[in-house]
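A structural walkthrough
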Amino acid sequence: MHPLDEFRGFVKADEPLAPLTWFRLGGVADFLARPQTIDELRSLVLCCHKEAIPFRVLSSGSNVLVGDKGVRGVVIQLESPAFSDVRIDGRTVEAGAAVPLNALISQTARAGLAGLELLTGIPGSVGGALRGNAGSRQTALGQFVQSVTVLDRHGDTVTRERDDLSFSYRWSNLDDPIILAARFSLELEDPEAVVRRMRRIWIVKKENQPYGHQLSGLIFKDPATDIAARMLIDQSGLKGARVGGAEVSDRDSNYIVAQSGASAADVMGLIDLIRETVKTQTGHNLELQIQIW
Ligand SMILES: Cc1cc2nc3c(=O)[nH]c(=O)nc-3n(C[C@H](O)[C@H](O)[C@H](O)COP(=O)(O)OP(=O)(O)OC[C@H]3O[C@@H](n4cnc5c(N)ncnc54)[C@H](O)[C@@H]3O)c2cc1C
């Protein structure tokens, strides 16, 4: 008997991960778990801990490239209502990790709360955005965080307050296994003004990333505020470069687009080609933003 058999109600074996990511690439997870309650999640984490079974969380899959061989251990998706609550109380907003970031932004904008609209158009959920401190040129999510509730390796729910949290460019010290929810502090403003700003940012963002129907990922961190990865890739003559079915986007060279028939290995091959060429041509080492599993 496998230790995970007791979780058969919400754990499935050999589940394809490709449909759960923006690249739509990669192999299967040994196990995919979709706990419906915090108690189910806690029991699963404790079992994984006891049996030394590796586990990780996949949210919207917009910052993950799954390898063609798939993922060993358990991939956990928090998508039930238990992890999708939003509560607004004055200037304070509490949101579950599974809430789509853009849904949270429109809800807070309509409620006359300003700040998050600067992140309009960034795909993903609150959990994924907190982990990598997702952001735009103007700001990043961490700036608005008051506290974050996590589940630690022992299955305990812990609330980490602002002075225990650090955020920097596309990085946070939220290395706890599971982010459950967060509390944000926003500014009161006329809802119409915030919604107008949100719409304007949405238009600009859409124009500067691959088309909505394309399977894509944002690949590298910018080496510095005034040195964009996109610019270095262009300078290295890589616009439109291809490996197999993976291609550098012609809208913004820091995105790779997967054409039909592409494999995760093609994307990884193109990533290597870009890194080597940019290093040779410009001397810069590009660091990955996307997580490779
Ligand atoms: C078209 C496009 C445009 C993008 N534009 C931007 C942009 O402007 N700015 C930007 O910063 N990023 C951008 N990204 C990258 C991506 O959208 C962000 O990194 C996003 O925050 C990832 O969220 P997610 O929910 O999809 O996380 P996932 O991709 O599912 O996960 C990302 C990482 O977070 C971890 N994680 C996710 N949820 C949890 C949780 N609940 N607990 C613990 N760990 C968790 C995962 O294990 C993984 O390591 C873009 C991506 C695409 C495809």
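Residues numbered from 1 in each chain as written. Predicted model: local features only at pLDDT ≥ 70, side-chain atom pairs only at ≥ 80, totals over all residues. Heavy atoms only, no water.

Notes on helix H4 (residues 191-207)
Owing to its 3.6 residues per turn, the α-helix brings residues three or four apart onto one side. Between its first and last C-alpha, H4 extends 25 Å over 17 residues, near the 24 Å set by a 1.5 Å rise per residue. Buried residues along H4 sit against helix H2 (101-110) and strand S8 (113-114). (Helix = DSSP H or I, 4+ residues; strand = E, 2+ residues; numbered from the N terminus. Expected span 1.5 Å × (residues − 1). Contact = heavy atoms within 4.5 Å.)

Some points on the site of the ligand
Neighbouring residues of the ligand: 33 residues in total, closest Val57, Ser59, Ser62, Gly135 and Lys205. A distance of 2.6 Å is found between an oxygen atom of the ligand and a backbone nitrogen or oxygen belonging to Val57. The side chain of Gln289 places a nitrogen or oxygen atom 3.2 Å from a nitrogen atom of the ligand. In the complex, the protein chains occlude 95% of the 980 Å² of accessible area that the ligand would expose alone. (Near = heavy atom within 4 Å. Polar contact = N/O pair within 3.5 Å; in protein donor to acceptor, adjacent residues only side chain to side chain. Areas by Shrake-Rupley, 256 points an atom, 1.4 Å probe, with all protein chains shown as cover.)

Here we look at the sheet that holds strand S7 (residues 92-96)
In any sheet, the strands associate via hydrogen bonds between backbone groups, in a parallel or an antiparallel arrangement. Taking strand neighbours across the sheet as the criterion, the 5 strands line up as S6-S7-S13-S9-S10 in an open arrangement whose pairing is antiparallel. What marks the edges here is a single partner per strand, and that holds for strand S6 (86-89) and strand S10 (157-161). If you compare each strand with its neighbour and ignore which way they point, the axes differ by 15° on average. Pairing of strand S9 (residues 145-151) with strand S13 (residues 178-185) involves 6 bridges; the strand directions are antiparallel. In the strand pairing of S13, Leu151 is matched with Ile178. In this fold H2 packs onto S6, S7 and S13, with an angle of close to 25° to the strand it touches most, S6. (Pairing = 2+ DSSP bridges. Axes fitted to C-alpha atoms, helices over the stretch in contact; angles between N-to-C directions.)

Quick notes on the nonpolar core
Counting residues in hydrophobic clusters, the biggest one holds 32 residues, and the most contacted among them are Leu104, Leu116, Leu130, Leu141, Val148, Leu174 and Phe184. Secondary structure elements with two or more residues in this core: S7, H2, S8, helix H3 (126-131), S9, S13 and H4. Tallying contributions element by element places H2 first for this core, with 4 residues. If near-sequence neighbours (up to four positions away) are discounted, Phe184 is found in contact with Arg91, Thr92, Val93, Ala95, Leu104, Val126, Leu130, Leu141, Phe144, Val145 and Gln146. Leu65, Val248, Ile271 and Leu286 belong to the second largest nonpolar core, which has 24 residues in total. (Core = buried A, V, L, I, M, F, W, Y, C linked by side-chain atoms within 4.5 Å. Buried < 20%, exposed > 50% of the residue type's maximum accessible area, 1.4 Å probe, protein only.)

Brief notes about the domain arrangement of the protein chain
Looking at the protein chain, the domain boundaries give domain 1 (10-79), domain 2 (84-207) and domain 3 (215-292). Distance between the C-alpha centres of domain 1 and domain 2: 23 Å. Taken together, the contacts link 15 residues of domain 1 with 17 residues of domain 2. Between domain 1 and domain 2, the buried area comes to about 1200 Å², and carbon and sulfur atoms account for 68% of it. Where domain 1 touches domain 2, the interface holds 0 salt bridges. At the boundary of domain 1 with domain 2, the tally comes to 4 residue pairs in polar contact (both at pLDDT 80 or more). Every element with two or more residues in the side of domain 1 that touches domain 2 is listed here: helix H1 (38-51) and strand S3 (55-57). Top element by residues in the side of domain 1 that touches domain 2 is H1. It accounts for 6 residues. (Domains from an automatic or database assignment. Buried area = accessible area lost by both parts, 1.4 Å probe. Salt bridge = Lys/Arg side-chain N within 4 Å of Asp/Glu carboxyl O.)

Observations regarding the sheet that holds strand S18 (residues 255-258)
If you walk across this open sheet you meet the 4 strands as S15-S18-S17-S16, and the pairing is antiparallel. Since the sheet does not close on itself, it has two edges, and those belong to strand S15 (215-218) and strand S16 (242-243), each with one partner. Both strand S17 (residues 246-248) and S18 contribute to a ladder of 3 bridges, which runs antiparallel. What sits directly across from Glu247, in S18, is Val257.

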